[in-house]
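# Chain and residue survey
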Amino acid sequence: MMNEENKKEIIAAINQRIIKLECPICHRSEYTFLDGYFVDAVQDNYRSMTLGGRMLPSVVLVCNHCGHIDKFSLGVLGLMAIHEEAKNTTNNVSPEDNA
Ligand SMILES: [Zn+2]
């Protein structure tokens, strides 16, 4: 789980960049912020999965009406350094481990 300060910071960063958040599917504007980080493992080959490579950390909003899921990159939001501690706790394998 995220701490309240991190949640507020993320929501503020999203609100700063998007004037009106609207679901692209049902066009409603009620979302739920999913409490936690998503970390996608970027793969060079779709036939096998390798852990410890490139990672894409993000946060997720879910449309309360239709369930559409939107992901927002922490890096693009400018929050990677601030959330480094959270990244380390959600990702036990880091690219540096392979060095
Ligand atoms: Zn929707």
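What counts and how
- Residues numbered from 1 in each chain as written.
- Predicted model: local features only at pLDDT ≥ 70, side-chain atom pairs only at ≥ 80, totals over all residues.
- Helix = DSSP H or I, 4+ residues; strand = E, 2+ residues; numbered from the N terminus.
- Buried ≥ 20, exposed ≤ 12 C-beta atoms within 10 Å, placed from the backbone.
- Contact = placed C-beta atoms within 7 Å.
- Pairing = 2+ DSSP bridges.
- pLDDT = per-residue confidence, 0-100.
- Expected span 1.5 Å × (residues − 1).

Along its length, the protein carries two helices and four strands. For the protein, buried positions account for 6% of its 99 residues. Pairs at least 24 apart in sequence give 60% of the contacts found in the protein among residues at least 6 apart.

On to the pairing of strand β3 (residues 55–63), then. Relative to β3, strand β1 (residues 31–33) runs antiparallel, the two being bridged by three bridges. Bridging from a neighbouring strand, Tyr31 pairs with Cys63 of β3. The pairing of strand β2 (residues 38–41) with β3 spans four bridges and is classified as antiparallel. By the bridge assignment, Ala41 is partnered in β3 with Met55.

The predicted coordinates ought not to be read in detail in places where the model reports low pLDDT. Here the protein averages 85 in pLDDT, while 82% of its residues score no lower than 70. Of all helices and strands in the protein, the one with the weakest mean pLDDT is helix α2 (residues 84–90) (54), whereas strand β4 (residues 69–73) scores best (96). Low pLDDT, under 50, characterises residues 90–99; the stretch is placed with eleven contacts to residues that sit more than four places away or in other chains.

Attention now goes to the environment of Cys26. Along the chain, Cys26 falls in the loop between α1 (4–17) and β1. Remark: the alpha-carbon pair of Cys26 and Gly67, spanning 41 residues in sequence, is separated by 9.5 Å. Ignoring any residue separated from it by four or fewer positions in sequence, one finds Cys26 in contact with Cys63, His65 and Cys66.

Here α1 spans 20 Å end to end across 14 residues, near enough to the 20 Å set by a 1.5 Å rise per residue. When you tally the buried positions in α1, you get one out of 14 residues, a small fraction of the element.

Moving on, we get to unusual backbone geometry. One non-glycine residue with positive phi stands out, namely His27, at about 65 degrees. Residue position: His27 is located in the loop between α1 and β1. Look at His27 and you get exposed, because 10 C-beta atoms sit within 10 Å.

This part covers the environment of Phe38. Within the secondary structure layout, Phe38 lies in strand β2. Judged by the 15 C-beta atoms lying within 10 Å of it, Phe38 is partly exposed. C-alpha separation for the pair Phe38 and Leu74, spaced 36 residues apart in sequence, amounts to 9.7 Å. Ignoring sequence-local partners within four residues, the contact set of Phe38 consists of Ser58, Val59, Val60 and Lys71.

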